[in-house]
Amino acid sequence: MPGNRAVIYRGPGHVEVESIAYPTFELQDGPGVNPANVGRQLNHAAILKVVATNICGSDQHMVRGRTTAPEGLALGHEITGEVVEVGRDVEFIKVGDMVSVPFNIACGRCRNCKEGKTGVCLNVNPDRPGSAYGYVDMGGWVGGQAEYVLTPYADWNLLKFPDRDMAMSKILDLAMLADIFPTGFHGCVTAGVKPGTSVYIAGAGPVGLAAATSAFLLGASVVMVADLQQERLAQARSFGCETIDVSMGDPKEQIAQVLGGEPEVDCAVDAVGFEARGHGADAQSERPATVLNAVMDVTRAGGAVGIPGLYVTGDPGAGDEAAKVGSLSIRLGLGWAKSLSFTTGQCPVMRYNHYLMEAILHDRAPIARNVNATVIPLDRAPEGYTEFDRGAARKYVIDPHGMLGSATS
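Residues numbered from 1 in each chain as written. Predicted model: local features only at pLDDT ≥ 70, side-chain atom pairs only at ≥ 80, totals over all residues. Heavy atoms only, no water.

## Side note on the packing of aromatic side chains
Heads up, the rule is: The aromatic pairing rule takes the rings of Phe, Tyr and Trp, using the six-membered ring of Trp, and pairs them if the centres are within 6.5 Å, calling planes under 30 degrees apart stacked, those over 60 edge-to-face and the rest tilted. Secondary structure elements follow DSSP: runs of H or I no shorter than four residues count as helices, runs of E no shorter than two count as strands, and numbering proceeds from the N terminus. Here's how the labels work: a residue is buried when its accessible area is under 20% of the maximum for its type, exposed when over 50%, partly exposed in between, all with a 1.4 Å probe on protein chains only.
As enumerated under the stated definition, the model contains three aromatic pairs in all. Ring plane angle 65 degrees and centroid distance 5.4 Å describe the contact between Phe-185 and Tyr-352, whose orientation is recorded as edge-to-face. A residue pair is termed long-range when its members are at least 10 positions apart, and Phe-185 in helix H6 (residues 180–190) and Tyr-352 in the loop between strand S13 (341–343) and helix H12 (353–361) qualify at 167 residues. The exposure class of Tyr-352 is buried, given its relative accessible area of 8%.

As C-alpha cells, this is what we get:
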C-alpha cells in the first residue's frame, strides 16, 4: 500500500504537508467527522491517485481562522484524478479512468439529489444538508489536497473524461471543473446572463474570473469585473473584461462610463463573499455586506443576482457580534423594491460539469489561461496558500505526483 501525504490545517495562517492514512472503504474518525459518520461502509466508493488539486478561496477562509474548522483537517475540495481502486458496489467507473470530482459530495438517492440539488444532499452529512471534501461542517470527509483520496458514491459523483490523452493535454482546464468553473457558471446562469446582456461581477479572484469566462460563453455583450487589486484587474482585462476599481468608490460612475451613461447592469454576480472589504475610503476595512448591497444597487429593476460567494453561519474573526453568526446589514428593502431575484448556496456542480467539459475539450473555454492557473508541487502548498492570501492573481494547482510538469496555462 503506498504512502499518502496531504495539506493539513494547523491553525490560523498555518498549513503543513503531513503524512496521513491511505484511504480505505470505511470512514474513519478524525477532525470534523461527525460520530454518526464514523465506521460508515463505503463499498460504493473509489480511491483516486490525485492528478491535480487546487487551492480555493474557500480554503483560505478556513486557513485565515475565519471559520470553526478544527485543527488537523486535511484540506482540498477541487480534485481531478485517476481511479486506482473501486469498491465492490461500483459498477461503471473502472480502474484507470481519469475523472473530475464535483466538490459537492452527493448520494444520488435522496430527494434533493433526484431533483438535481446535489449541493444540499440529505444523506452524506449528519450536521446539515450538503457536504464537501476537506471542509468545515461538511461531514468530515478527508480532503483531496493529497496524493490519494477516497470519493464516495463513485458511479454517481465522478465525471469520466472520454479520452486520457486528450484529457492530459487539457488537464489544467479540466482541473477547474471540480468547483470554480461550474461555480462561476452557476453564478451567471442564476443571474440571468444571456446573449446581449451587461454583467457586473464583484471580485476578480479565480471564481470571479471563472464567472467572467462563463458570461462570455453565455453571450454577454459587456462583462465588467470589479476588484480592489490592480494585478487581479489586469488579469481580467487580459481576456476582454472591462474593469471596475472599487477602491475609487461607488462603482456606478465607472459602470456608466462603460455603458455610455447607464449606471445599471442587467445581471450581477457576487464572487466575493463574507470577507468583503468596503469601497472607496473604506477599501482597507472589512465591510461584509458591501458587495451584497452593491450588486443590488447596480442591477436594474427586475434583474437578478447570482451569489456564489461564500457566506457562513459562524465567523469567529468577524468585526462585530452579528457578523459572527452570519447576520449582515443587507439592504433587503432595496432588493425588494427593485424586484430582484437572488440565488445563493453551493453550486450543484453536476448540473453543469459535463457540458463545460465538452466546451473545454473542443476549445471553447480557455479557463486555465483566464484564471492564470499555476502549477506547484505538493511540498510548496503552504507557500501557495501564503501567496494566494496576499492577493496573487493566480489559481494554484497542486501537482502531488509530478504529472503536470509539461502542463501550462
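Continuing now.
## Some thoughts on the nonpolar core
Here is the rule: Each nonpolar core is a collection of buried residues, namely Ala, Val, Leu, Ile, Met, Phe, Trp, Tyr and Cys, held together in the definition by side-chain atoms within 4.5 Å. Here, two residues are considered to be in contact whenever any of their heavy atoms come within 4.5 Å of each other.
Membership of the largest hydrophobic core comes to 73 residues, with the highest contact counts inside it found for Leu-75, Leu-177 and Ile-201. Ranked by residue count, the leading element in this core is helix H7 (residues 206–217), at six residues. Setting aside residues no more than four positions away along its own chain, Leu-177 makes contact with Ser-100, Leu-159, Phe-161, Pro-182, Val-349, Asn-353, Leu-356, Met-357 and Ile-360. Residues Ile-47, Ala-106, Val-149 and Leu-150 belong to the second largest nonpolar core, which totals 30 residues.

## Quick look at the sheet that holds S13
We count it as follows: At least two bridges found by DSSP between two strands are what make those strands a pair. Convention adopted: a line fitted to C-alpha atoms gives each axis, helices being fitted over their contacting stretch, and angles between N-to-C directions are expressed from 0 to 180 degrees.
Read from one edge to the other, the open sheet built from six strands follows the order S10-S9-S8-S11-S12-S13, with strand pairing classed as parallel. At either end of the open sheet lies a strand with only one pairing partner, and these are strand S10 (242–245) and S13. Between one strand axis and the next, the sheet turns through 20 degrees on average, direction left out of account. As judged from the three bridges shared by strand S12 (residues 299–306) and S13, these two strands associate in the parallel manner. Paired with Gly-306 across the two strands is Thr-343, which belongs to S13. Its contacts with the sheet put helix H10 (residues 290–298) on strand S8 (198–202), strand S11 (265–270), S12 and S13, and the angle it makes with S12 is roughly 140 degrees.

## Let's talk about the packing of H6 against H7
For any two helices packed against each other, the geometry comes down to the angle between their axes and how far apart the axes lie. What counts here: What sets the label is the angle itself: under 35 degrees gives roughly parallel, over 145 gives roughly antiparallel, 65 to 115 gives roughly perpendicular, and the rest give oblique. Here a crossing is taken to be left-handed if its near helix is turned anticlockwise relative to the far helix by less than a right angle, and right-handed if that turn runs clockwise.
Where H6 meets H7, the closest approach of the two axes is 7 Å, and the angle between their N-to-C directions is 60 degrees. By the criterion of interaxial angle, the relationship of H6 to H7 is oblique. As for the relative orientation of H6 and H7, their crossing is right-handed in sense. Contact residues: H6 offers Ile-180, Phe-181, Thr-183, Gly-184, Phe-185 and Cys-188, while H7 offers Pro-206, Val-207, Ala-210, Ala-211, Thr-213, Ser-214, Ala-215 and Leu-217.

That's the geometry; what it means functionally is another story.
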